[in-house]
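The residues making up each chain are set out below.
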Amino acid sequence: MDRSDAEELDRADELAPFRERFVIDDPDLVYANGNSLGRLPRETVERVADVLTHHWGSRLARSWDDGWLDEAQRVGDVLAAGVLGARPGEVLVCDSTTVNLYKLAVAALDARPDRRSVVVASHEFPTDRYVLQGLAQQRGLALQWDGEPDRDTALCVRSLVDYRTGARADLAARTAADRAAGALTVWDLSHAAGVVPVELDAAGVDLAVGCTYKYLCAGPGAPAFLYVRTELQQQLQSPIWGWFGQRHQFAMGPAYDPQPDIRRFHAGTSPIVGIAAVDVSAALVAEAGIDRMRAKSTALTSLAIDRFDAWLAPLGFTLATPRDPNQRGGHVSVCRADGAELCARARDEEQLITDFRPPDMVRLGFPPLDTRFVDVWDAMERLSRVSRPAPG
Ligand SMILES: *Cc1c(COP(=O)(O)O)cnc(C)c1O
């Protein structure tokens, strides 16, 4: 194989035109970090400018009646249809992933009051672990690191795609096993949404959260999403009793009376500018088609693993990502003891942006709409260049 084979794959790629939909101002930079912060879609620049100028600037507070009050749910429905495999009225765009996880975790714990333990992986993303550690301490619950749920388990928190290794869980099977133990599961879709087809409804998922600034390209601090299965919505309650979750919000009444639907998981005023960016990205995924994106994504990661075998394994790297494409998401992680230094040198000497996760992991993310096969080729080649022993 040589680089012309990668060029050939790009010529045959039907998603190739989507690359032009993103702001790419440095042709020499290889950006393999879109799993951490996705690129800026060109349309987002226009849409956000439009929201600022025409909606905020001209319409001012009248914009709330023009539609702003419903934006969190409307764009939630766009995500539900094109990205998450959920039904209308099951997804809300609001708050951060951390806050949404907290809200759904508490709602789930309150629904299982006689159960006293929580299952989470010891290698789970830090914010997820911290939220659960806090809840366990506040409520006197036992944290079961890595265990299987049992008759005392109220809640399991799981990532669909592991942020470190890229390993992908079996959504339907895992959900069913947790449910068989009587536990509720909150899925964190942060490293899956926008790159892996997520069939929440078909997989029987009850609760999920995820962020929108990774593969979903909605920008730093863009609002996250939460999902609550329709049948559960009336049984569960958010621990944050905010006025945006109130049934008659503008009656300004004395007592909290939550909305009968997904809107009860709202807290405060919707971040309208950020939601506009989520809307653009969700529509972009829907237009490209998540199944086509997934097919290209697995081809990209397969090429990366092929080049790992050719270039990096001989230099002492190990592969942390599963070789079976069905068992991985959209990024590939390679390990070597000096990974942190290699990451910095790749950035400074080779114009390659990756990221490092302790103790030894270099992550390479390849979002399928803006990554070419030659980018994968170049990323792996540049990383191998900084990893060779110095001559002499
Ligand atoms: C990125 C990520 C988050 C981010 O949480 P924020 O509150 O949006 O900062 C949470 N969980 C997982 C698994 C992630 O990958």
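As the structure is a prediction and not an experimental result, all values here were calculated from the model.

With respect to the site of the ligand
Every residue close to the ligand is listed here: S96, T97, T98, F125, T127, D128, S159, D188, S190, H191, Y213 and K214. T98 places a polar side-chain atom, nitrogen or oxygen, 2.5 Å from an oxygen atom of the ligand. For the ligand, whose free accessible area comes to 390 Å², the fraction covered by protein is 87%. Secondary structure elements with two or more residues in the shell around the ligand: helix 5 (97–111) and helix 6 (126–139). Across the shell around the ligand, the residue classes tally to 2 nonpolar, 7 polar and 3 charged.

Let's talk about the sheet that holds strand 3 (residues 117–120)
Strand order across the open sheet formed by 7 strands is 2-8-7-6-5-3-4, with mixed pairing between neighbours. Strand pairing shows two members of the sheet lacking a second neighbour, strand 2 (91–93) and strand 4 (142–145), which therefore form its edges. Going from strand to strand, the sheet's axes swing by 20° on average, the running direction of each strand aside. Two strands pair when backbone bridges link them, and strand 6 (residues 184–188) and strand 7 (residues 207–210) are joined in this way by 3 bridges, in the parallel orientation. In the sheet register, W187 faces strand 7, and the bridge partner there is A208. The strands touched by helix 4 (residues 71–84) within the sheet are strand 2 and strand 8 (225–228), with strand 2 carrying the most contacts at an inclination of about 120°.

Examining the packing of helix 4 against helix 8 (residues 272–288)
Helix 8 packs onto helix 4 with a crossing angle of 20° between their chain directions and a minimal axis gap of 9 Å. Between helix 4 and helix 8, the angle is such that the two are roughly parallel. As helix 4 packs across helix 8, the resulting crossing turns out to be left-handed. Facing helix 4, whose interface residues are E71, A72, R74, V75, V78, L79, G82 and V83, helix 8 presents I272, I275, V278, D279, A282, A283, V285 and A286. Counted by class, the contact of helix 4 with helix 8 contains 12 nonpolar, 1 polar and 3 charged residues.

Considering the domain arrangement of the chain
Taken as a whole, the chain is organised into domain 1 (3–40 + 290–387) and domain 2 (67–288). For domain 1 and domain 2, the distance between their C-alpha centroids amounts to 29 Å. Listed per partner, the contact involves 32 residues of domain 1 and 24 residues of domain 2. With both chains or domains summed, domain 1 and domain 2 bury close to 2,300 Å², and 60% of this area falls on carbon and sulfur atoms.

Brief notes about the pairing of strand 6
Counting buried positions along strand 6 yields 5 of 5 residues, so the element is predominantly enclosed. Of the two faces of strand 6, the one carrying L184, V186 and D188 and the one carrying T185 and W187 are both buried. Note that strand 5 (residues 153–159) and strand 6 share 5 bridges and pair parallel. Across the sheet, L155 pairs through a bridge with L184, a residue of strand 6.

Considering the sheet that holds strand 10 (residues 331–335)
The pairing of strands in a sheet comes from backbone hydrogen bonds and takes either a parallel or an antiparallel form. Pairing within the open sheet is antiparallel, and its 4 strands lie in the order 9-10-13-12. Only two strands of the sheet have a single neighbouring strand rather than two, namely strand 9 (318–319) and strand 12 (355–357). Seen against the sheet, helix 10 (residues 339–350) touches strand 12 and strand 13 (361–365) and runs at an angle of roughly 170° to strand 12.

Let's talk about the environment of I290
In this structure, I290 sits in helix 9 (residues 290–312). When the C-alpha positions of I290 and L84 are compared, they lie 9.5 Å apart, and in sequence the two are 206 residues distant. Non-local contacts of I290, meaning those with residues more than four positions away in its chain, are made with G82, G194, V195, V196, P197 and V285.

Some points on the packing of aromatic side chains
With the rule as written, the count across this model stands at 7 aromatic pairs. Ring-pair connections join several aromatic residues into one group, and the members of that group are W64, W68, W243, F244 and F250. A cation sits over an aromatic face here: K214 above F125, 5.0 Å from the ring centre. The aromatic ring of W311 is capped on one face by R307, whose charged end is 4.8 Å from the ring centroid.

Quick look at the side chain of R336
Inspection of the secondary structure assignment puts R336 in the loop between strand 10 and helix 10. Residue classification places R336 among the buried residues on the basis of a relative accessible area of 16%. Here the side chain of R336 touches D338 through a polar contact of 2.8 Å, side chain to side chain. Of note is the side chain of R336, whose polar atom sits 3.0 Å from the backbone oxygen of S387. Residues in contact with R336, not counting those within four places in the same chain, are L315, G316, F317, L342, D360 and S387.

What counts as what
Residues numbered from 1 in each chain as written. Predicted model: local features only at pLDDT ≥ 70, side-chain atom pairs only at ≥ 80, totals over all residues. Heavy atoms only, no water. Near = heavy atom within 4 Å. Polar contact = N/O pair within 3.5 Å; in protein donor to acceptor, adjacent residues only side chain to side chain. Areas by Shrake-Rupley, 256 points an atom, 1.4 Å probe, with all protein chains shown as cover. Helix = DSSP H or I, 4+ residues; strand = E, 2+ residues; numbered from the N terminus. Nonpolar A, V, L, I, M, F, W, Y, C, P; charged D, E, K, R; others polar. Pairing = 2+ DSSP bridges. Axes fitted to C-alpha atoms, helices over the stretch in contact; angles between N-to-C directions. Contact = heavy atoms within 4.5 Å. Parallel < 35°, antiparallel > 145°, perpendicular 65-115°, else oblique. Left-handed = near helix turned anticlockwise from the far one by under 90°. Domains from an automatic or database assignment. Buried area = accessible area lost by both parts, 1.4 Å probe. Buried < 20%, exposed > 50% of the residue type's maximum accessible area, 1.4 Å probe, protein only. Phe/Tyr/Trp six-rings, centres within 6.5 Å; stacked < 30°, edge-to-face > 60°. Lys NZ or Arg CZ within 6 Å of the ring centre and 35° of its normal.

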